[in-house]
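This is what each chain is made of:
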Amino acid sequence: DTGVSQDPRHKITKRGQNVTFRCDPISEHNRLYWYRQTLGQGPEFLTYFQNEAQLEKSRLLSDRFSAERPKGSFSTLEIQRTEQGDSAMYLCASSLVGLGHQETQYFGPGTRLLVL
Amino acid sequence: QKEVEQNSGPLSVPEGAIASLNCTYSDRGSQSFFWYRQYSGKSPELIMFIYSNGDKEDGRFTAQLNKASQYVSLLIRDSQPSDSATYLCAVNRDTGGFKTIFGAGTRLFVKA
């Protein structure tokens, strides 16, 4: 396993369209995070999963955003009715948490979204 | 006050010098601390993590943590032009709920 992968790497869409991104974590990792990053800022937390359970969602995550991790492996992030303000890099990270493990997150390459 | 604060820079150092990057955090419940390097247009790459007060060295990198002062730093010795990037400080809160807060990053330029 070579690390976290994300698909697509780039997405250009028109305002009002729906988009879906996929993240495949490192295979043995049980935790998966979604972040959004805009120019000049650090990653902002959106949501995270422990196995298949979505444990927390940021207040930043409007009802147009939804994420799933149906079998505790890959995850999808969907944005409905996209707005120009959604243009950003969407980052996925995974980690292994448990006894004897201090959590360390490893990032995927990101999906760059441009909403026209 | 931001939860994790970093000087945005840019910090410019000559090749071979020591680069010193600083980060302060507001939540005393924070327990683990991370430094990520991010090249322009790329995703963050983990450089170091530190959990205990004091210094932790890994090659040319040294992380320093002072929980009493709520301060964490990263020293890069023998800086190289390839070290030019944005360095992100990240802090994990282990008090339940959302865990990781990132600073906005410090841009480092190493001049050849």
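Provided above is the structure to which this section pertains.
Keep in mind it's a predicted model, so treat the numbers as computed, not measured.

1. Focus: a nonpolar patch on the surface
Step number 1: A surface patch of nonpolar side chains, about 300 Å² in accessible area, is lined by A:Ile12, A:Leu114 and A:Leu116.
Step number 2: Mapped onto the secondary structure, A:Leu116 falls in the segment after β11 (111-115).

2. Let's talk about the pattern of salt bridges
All names here are of chain A.
Step number 1: Taken as a whole and assessed by the stated rule, the structure comprises six salt bridges over all chains.
Step number 2: Linking Asp24 and Arg22 is a salt bridge whose minimum nitrogen-to-oxygen distance equals 2.7 Å.
Step number 3: For Asp24, a relative accessible area of 26% puts it in the partly exposed group.
Step number 4: For Arg64, the salt bridge identified is with Glu83, shortest N-O distance 3.4 Å. On the criterion of sequence distance, the pair formed by Arg64 in the loop between β6 (53-57) and β7 (65-68) and Glu83 in the loop between β8 (75-79) and β9 (88-95) is long-range, its members being 19 residues apart.
Step number 5: Given a relative accessible area of 40%, Glu83 falls into the partly exposed group.
Step number 6: Where salt bridges share partners, they join Arg64, Glu83 and Asp86 into one cluster.

3. Side note on the packing of aromatic side chains
Step number 1: In total, this model carries 15 aromatic pairs over all chains according to the counting rule given.
Step number 2: Measuring from centroid to centroid gives 5.5 Å for A:Tyr35 and A:Phe107, while their planes differ by 45 degrees, and the two rings are tilted. Taken as a pair, A:Tyr35 in strand β4 (residues 31-37) and A:Phe107 in strand β10 (residues 106-107) lie far apart in primary sequence, 72 residues in all. One exposure class covers both A:Tyr35 and A:Phe107, and it is buried.
Step number 3: Between B:Tyr36 and B:Phe102 the ring centres are 5.6 Å apart and the planes differ by 50 degrees, which places this aromatic pair in the tilted class. Placement of B:Tyr36 in strand β4 (residues 30-38) and of B:Phe102 in strand β10 (residues 100-102) is noted, with a sequence separation of 66 residues between them.
Step number 4: A relative accessible area of 2% means that B:Tyr36 is categorised as buried.
Step number 5: Judged by its relative accessible area of 9%, B:Phe102 falls in the buried class.

Conventions used here
- Residues numbered from 1 in each chain as written.
- Chains lettered and ligands numbered in written order.
- Predicted model: local features only at pLDDT ≥ 70, side-chain atom pairs only at ≥ 80, totals over all residues.
- Heavy atoms only, no water.
- Patch = residues over 30% accessible without salt bridge, like charges linked within 9 Å, V, L, I, M, F, W, Y side chains within 5 Å.
- Areas by Shrake-Rupley, 256 points an atom, 1.4 Å probe, with all protein chains shown as cover.
- Salt bridge = Lys/Arg side-chain N within 4 Å of Asp/Glu carboxyl O.
- Helix = DSSP H or I, 4+ residues; strand = E, 2+ residues; numbered from the N terminus.
- Buried < 20%, exposed > 50% of the residue type's maximum accessible area, 1.4 Å probe, protein only.
- Phe/Tyr/Trp six-rings, centres within 6.5 Å; stacked < 30°, edge-to-face > 60°.

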